Amino acid sequence: MIRNILGSVVALAGAASAVLSPFRDWYGGRAGHDYRVADLFEGITPTESGVLVSILLPFLGAALLVVLGVVLRSRLVVALAGLVVLGFTILWMVRQGQAAGSLVVGGDGAGLQVGVVNALAGGVLMLIGALLMTGRRSRRERERKPVEPFAVPAADQVDTWPPTQEPGMSVQTSPWPEPEVDPYTGPDPRDLGDPRDARTRSYPQAVPHPEDDPRDPVHPPHPPPPPPRG
């Protein structure tokens, strides 16, 4: 957006410089609007020209192109306007050089003057403005939605990974805390030896723990009553 505004301002400034240039002296004290458009193709003549059929005409057309390009945000139209101004100015320099034998730059008004500089500067500013503008986005770019970053899940929602919202390894489906892992890293009691088995008698023997005794330590089991005597 900022580049479009900056490019438009530069291009419009170039259009204003190009339109004002025919009203200033171009060569030997002769104003730009005294040169006919036909002189650019047939050769420079001393005949004076009307304003509407002078070199001002293509410059006005280029200024309208700049305005149209700014409204449409078209870099191509603005660049075309700059090429029109530069093209007609260079063509005039070629014809003027052929008519005068050579082109000179003199401070006494005998050579190229400020009007030509304004025209060249206007064309260059139009091209710079076209380069600064970003132009209009295509329909596909306008319809393309910006990619939004994944939001942090709420506290009452299950955290998922990866961020494709698909359940991963870190999903906790139970409301209860996860069971703690037994820190015991010793051998499995089932791998210990059995004193009644000759094959595993030499293995380390499991030491029974009081808490592993299925009997009630407070209320030990009582022997069964003797059978009644007949």
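Residues numbered from 1 in each chain as written. Predicted model: local features only at pLDDT ≥ 70, side-chain atom pairs only at ≥ 80, totals over all residues. Heavy atoms only, no water.

**A word on the overall build of the chain**
Check the secondary structure of the chain and you find six helices and two strands. Taken from N to C terminus, the helices and strands of the chain fall in the order α-β-β-α-α-α-α-α. Split into buried and exposed, the 230 residues of the chain put 29% on the buried side. Of the accessible surface of the chain, which amounts to about 16,900 Å², a share of 63% is contributed by carbon and sulfur atoms. (Helix = DSSP H or I, 4+ residues; strand = E, 2+ residues; numbered from the N terminus. Buried < 20%, exposed > 50% of the residue type's maximum accessible area, 1.4 Å probe, protein only. Areas by Shrake-Rupley, 256 points an atom, 1.4 Å probe, with all protein chains shown as cover.)

**A few points about the confidence of the model for the chain**
Across the chain, pLDDT averages 77, with 60% of residues at or above 70. Mean pLDDT across the elements of the chain ranges from a minimum in helix H6 (residues 139-143), with 60, to a maximum in helix H5 (residues 114-132), with 95. (pLDDT = per-residue confidence, 0-100.)

**Concerning the packing of helix H1 (residues 2-20) against helix H3 (residues 56-72)**
For the pair H1 and H3, interaxial distance at closest approach is 9 Å and the crossing angle is 165°. Taken together, H1 and H3 sit at an angle that is classed as roughly antiparallel. For the crossing formed where H1 meets H3, the hand is left-handed. Residues Ser8, Ala11, Leu12, Ala15, Ala18 and Val19 of H1 touch H3, and the partners they reach there are Leu56, Phe59, Leu60, Ala63, Val66, Val67 and Val70. Its residues placed into classes, the contact of H1 with H3 shows 12 nonpolar, one polar and no charged. (Axes fitted to C-alpha atoms, helices over the stretch in contact; angles between N-to-C directions. Parallel < 35°, antiparallel > 145°, perpendicular 65-115°, else oblique. Left-handed = near helix turned anticlockwise from the far one by under 90°. Contact = heavy atoms within 4.5 Å. Nonpolar A, V, L, I, M, F, W, Y, C, P; charged D, E, K, R; others polar.)

**Notes on the environment of Asp34**
Looking at where Asp34 falls in the secondary structure, it is placed in the loop between strand S2 (30-31) and helix H2 (39-42). Judged by its relative accessible area of 14%, Asp34 falls in the buried class. In the structure, Asp34 is positioned 14 residues away from Glu48 in sequence and 4.9 Å away in space, judged by C-alpha atoms. The residues contacting Asp34, other than those within four sequence positions of it, are Thr47, Glu48 and Ser49.

**Focus: H5**
In a regular helix each residue adds 1.5 Å, so 19 residues correspond to 27 Å; H5 covers 26 Å between its end C-alpha atoms and thus fits that length. Regarding H5, the residues found buried are Gly115, Val116, Asn118, Ala119, Gly122, Gly123, Met126, Gly129 and Ala130. Of the surrounding elements, those touching the buried residues of H5 are H1, strand S1 (25-27), H3 and helix H4 (75-100). (Expected span 1.5 Å × (residues − 1).)

**Regarding the side chain of Ser17**
Within the secondary structure layout, Ser17 lies in helix H1. Residues within four places of Ser17 in sequence aside, it is in contact with Asn118 and Gly122.

**Observations regarding unusual backbone geometry**
Even without being a glycine, Arg73 presents a positive backbone phi close to 55°. Mapped onto the secondary structure, Arg73 falls in the loop between H3 and H4. We classify Arg73 as partly exposed; its relative accessible area is 38%.

**Structural notes on the packing of aromatic side chains**
Within this structure, the stated rule accounts for five aromatic pairs. Where Phe41 meets Phe88, the ring centres are 6.5 Å apart and the plane angle is 85°; that geometry is what we call edge-to-face. Pair noted here: Phe41 is in helix H2 and Phe88 is in helix H4, with a separation of 47 residues, a long-range link. A relative accessible area of 52% places Phe41 in the exposed class. Pairwise contacts between aromatic rings join Trp26, Tyr27, Tyr35, Phe59 and Trp92 into one cluster. The lysine or arginine in question, Arg30, covers the ring of Tyr35, its NZ or CZ lying 4.3 Å from the ring centre. (Phe/Tyr/Trp six-rings, centres within 6.5 Å; stacked < 30°, edge-to-face > 60°. Lys NZ or Arg CZ within 6 Å of the ring centre and 35° of its normal.)

**Observations regarding the nonpolar core**
Within the largest apolar cluster, 28 residues are counted, with the highest numbers of intra-cluster contacts made by Trp26, Phe59, Trp92 and Met126. Within the residue set of this core, elements represented by two or more residues are H1, S1, H3, H4 and H5. Looking at this core, the element that brings in the most residues is H4, giving six residues. (Core = buried A, V, L, I, M, F, W, Y, C linked by side-chain atoms within 4.5 Å.)

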